[in-house]
Amino acid sequence: MIEKDFILKNTDTDSLKNGSFTWQSPSNIALVKYWGKSEPQIPKNASISFTLNKCHTITTLEFSKREFPSNDFSIEVFFENKLNDEFKPKIEQFFKRIVKYLPFITEYNFIIKTENSFPHSSGIASSASGMSALALCLMSFEKHLNPSITETFFNQKASFLARLGSGSAARSIEGELIVWGEHPEIKNSSDLYGIKFPYPIHENFKNYHDTILLVDKGEKQVSSTVGHDLMHDHPFAHQRFEQAERNLSAMSKILQNGNLEAFVKLVESEALTLHAMMLTSDPYFILMKSNTLKIIGNIWEFRNKTKSNICFTLDAGANVHVLFPEIEKEKVNTFIISNLVPLCQNNQYICDKVGLGARPF
Ligand code: DP6
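Scoring rules and cut-offs
- Residues numbered from 1 in each chain as written.
- Predicted model: local features only at pLDDT ≥ 70, side-chain atom pairs only at ≥ 80, totals over all residues.
- Heavy atoms only, no water.
- Helix = DSSP H or I, 4+ residues; strand = E, 2+ residues; numbered from the N terminus.
- Buried < 20%, exposed > 50% of the residue type's maximum accessible area, 1.4 Å probe, protein only.
- Contact = heavy atoms within 4.5 Å.
- 1 Å grid on protein atoms, 1.4 Å probe; cavity = no way out; pocket = protein on both sides within 12 Å on 5 of 7 lines; lining within 4 Å.
- Points joined across faces, edges and corners; volume = space filled by probe spheres on them.
- Salt bridge = Lys/Arg side-chain N within 4 Å of Asp/Glu carboxyl O.
- Axes fitted to C-alpha atoms, helices over the stretch in contact; angles between N-to-C directions.
- Parallel < 35°, antiparallel > 145°, perpendicular 65-115°, else oblique.
- Left-handed = near helix turned anticlockwise from the far one by under 90°.
- Nonpolar A, V, L, I, M, F, W, Y, C, P; charged D, E, K, R; others polar.
- Disulfide = S-S within 2.5 Å.
- Polar contact = N/O pair within 3.5 Å; in protein donor to acceptor, adjacent residues only side chain to side chain.
- Pairing = 2+ DSSP bridges.
- Near = heavy atom within 4 Å.
- Areas by Shrake-Rupley, 256 points an atom, 1.4 Å probe, with all protein chains shown as cover.
- Domains from an automatic or database assignment.
- Expected span 1.5 Å × (residues − 1).

J.: Would you explain the environment of S126 in this entry?
T.: Following the sequence through the fold, S126 ends up in the loop between β7 (108-116) and α2 (127-145). Residue class for S126 comes out partly exposed when judged on its relative accessible area of 26%. Considered as a pair, S126 and P26 are 100 residues apart in the sequence and their alpha carbons are 9.2 Å apart. Excluding residues within four positions of it along the chain, S126 makes contact with T57, N116, F118 and M131.

J.: What am I meant to see in empty space enclosed by the protein here?
T.: To find leftover empty space, a probe the size of one water molecule is rolled over the atoms. All told, the structure shown has one cavity of 30 Å³ or more when counted by the stated rule. Taken as a whole, the largest cavity holds about 40 Å³ of empty space. Surrounding the largest cavity, N155, S159, A170, I173, E174, I178, G194, I195 and K196 form its lining. Elements with a contribution of two residues or more to the lining of the largest cavity: α3 (151-165) and β9 (194-196). Residue contributions to the lining of the largest cavity peak at three residues, all from β9.

J.: Any chance you could explain the pattern of salt bridges here in plain terms?
T.: Any two side chains of opposite charge can pair, given that their charged atoms come close. A complete count under the given rule lists 11 salt bridges for this structure. Residue E107 is joined to K65 by a salt bridge in which the shortest nitrogen-to-oxygen separation is 3.3 Å. Highlighted residues: E107 in the loop between α1 (88-98) and β7 and K65 in strand β4 (residues 47-65), separated in sequence by 42 residues. A residue is classified by how much of its surface remains accessible, and E107, at 23% relative accessible area, is partly exposed.

J.: Is there a simple way to explain the packing of helix α7 (residues 290-306) against helix α8 (residues 329-340) in this structure?
T.: Geometry of a packed helix pair, given as the angle between the helix axes and the separation of the axes. Where α7 contacts α8, the two axes come as close as 11 Å, and the packing angle between them is 140°. As judged from the angle between their axes, α7 and α8 are oblique. Two packed elements cross with a definite hand, and for α7 against α8 that hand is right-handed. Counted together, I295, N298, I299, F302 and T306 of α7 and K331, V332, F335, N339 and L340 of α8 form the full contact between these two elements. Along the lines of polarity and charge, the residues of the contact of α7 with α8 split into six nonpolar, three polar and one charged.

J.: Which parts of the structure should I look at to understand the state of the cysteines?
T.: Disulfide: a covalent bond formed between the sulfur atoms of two cysteine residues. Enumeration according to the criterion identifies zero disulfides in this entry. In this model C311 remains outside any disulfide bridge; the closest cysteine sulfur is found in C351, 16 Å from its own. Given the relative accessible area of 0%, C311 is considered buried. In this structure C351 is not part of a disulfide, and its nearest cysteine sulfur, from C55, lies 10 Å away.

J.: For this particular structure, what's the right way to read the side chain of S308?
T.: Residue placement: S308 occurs in the loop between α7 and β11 (311-313). A polar contact of 2.9 Å, which involves the side chain of S308, links it to the backbone nitrogen of I310.

J.: Would you mind going over the pairing of strand β10 (residues 209-213) with me for this structure?
T.: Every other side chain in a regular strand lies on the same face of the sheet, so the side chains alternate between the two faces. With five of five residues buried, β10 lies mostly within the body of the structure. Pairing of β10 with strand β12 (residues 320-324) involves five bridges; the strand directions are antiparallel. Bridging across to β12, L213 finds its partner in V320.

J.: Could you clarify how one ought to interpret the site of the ligand in this entry?
T.: The full set close to the ligand counts 18 residues, and Y34, K37, S166, G167 and S168 are the nearest of them. For the ligand, an oxygen atom lies 3.4 Å from a polar atom in the side chain of Q41. Between the ligand and G167, the relevant distance is 2.7 Å, taken from an oxygen atom to a main-chain nitrogen or oxygen of the residue. Against a free-state accessible area of 460 Å², the protein chains account for coverage of 93% of the ligand. The dominant element in the shell around the ligand, judged by the number of residues it contributes, is helix α4 (residues 224-229), at three residues. Taken together, the residues of the shell around the ligand break down into five nonpolar, eight polar and five charged. The two domains that each donate at least three residues to the shell around the ligand are domain 1 (3-200) and domain 2 (207-353).

J.: How do you make sense of unusual backbone geometry when you look at a structure like this?
T.: Only a minority of non-glycine residues have a phi that is not negative, and only a minority of peptide bonds are not trans. Each neighbour pair has its own omega, and for E39 with P40 the value is -15°, a cis peptide bond. A cis amide bond links D282 with the next residue in sequence, P283, at an omega value of 0°. Topologically, P283 is positioned in the loop between α6 (260-279) and α7. Phi at N81 is positive, roughly 70°, even though this residue is not glycine. Within the element layout of this structure, N81 appears in the loop between β5 (74-79) and β6 (82-83). Look at N207: it is not a glycine, yet its phi comes out positive at around 60°. Classification of N207 as partly exposed rests on a relative accessible area of 35%.

J.: Just checking my understanding: could you explain α3 for this structure?
T.: Given 3.6 residues per helical turn, the α-helix brings residues three or four places apart onto the same face. For α3, which comprises 15 residues, the first-to-last C-alpha distance of 21 Å matches the rise-based estimate of 21 Å (1.5 Å per residue) to within 8%. When you tally the buried positions in α3, you get 13 out of 15 residues, the bulk of the element.

J.: Any chance you could explain the pairing of strand β8 (residues 177-180) here in plain terms?
T.: The alternating pattern of β8 places L177 and V179 and I178 and W180 on opposite faces, both of which are buried. Where β4 lies against β8, four bridges are found, and the strand directions are antiparallel. Following the sheet pairing, S47 is matched in β8 by W180. Sheet analysis places β8 next to β9, joined by three bridges and oriented antiparallel. Counted as the bridge partner of I178 is K196 from β9.

The following block contains the structure:
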């Protein structure tokens, strides 16, 4: 698929005066990270993520035909049943980027009602699940105008649109492992949309667990968008992008051969490299908190003592994602509750695992 294939041809909207579509869409956690991009939302390196099961956004897109055609957008956003203007600029920017592919969006008044399964301001990024849920609602609209589109096209275009809202959202349409970004060893991979990992996944990675420790629920001092921008003049950017490409090759093999020891090493190295990029940006910044480091130390100690395959990863924040295989769940859960949960803000954590992707409501 190339960019032009995503431009909607049928623009006759007479059959849709008003109505609504609802989707539930998951969050995801990257194993090889996306950090650095060029216009329009093209990643500097390919990334791969586990789709999550419990952490999701539910979005309803209500629409009614506008009385008079206009070139601007008519959007109202409700977050958890309250009118919310905070998200509006990001959604308007998203609509500006996608109008070329969905020209009908200027013809309607839209009301977007959205809520997350995870606590408000938990520090868990909601842009992946939020933007993918909205993209899927818009694809349901397109499907109505053009019922013959295939499921593959539906998912690819949903990912393509979601990417234009937030890069990582491109990986939040399907499960269980998604690659976004062109990579020579990943068949059919693309910078334009995410694809399911195209090779057989080893049993060890089925039902993989991700317990998210909420270390700091405050607003981040530096947004992902600003962080990505700082990769433009970053002294280590080039080496980082090359390393990520190599890491994805290695990860692809690990996911197929089930080597848990290699998985642990690679996932943790990716997380620390992401934060090393932040530490060495100009201006530099730190998103980890002291309890982030204490948790990492405790995980390492437990792993050394018990030979567990537990590991951690981080996204652009202080929270820690604790990853472990299904067969270790009892012993690791006991450790998490006794040694890691006391380091979380208000003892808050979320037990999640790998999920299968978005679904309509
Ligand atoms: C650290 O997708 O939030 O989570 O494209 O600007 O919306 P934008 O950025 P975003 O970046 C996510 C970065 C990350 C790593 C990852 O998910 O791969």
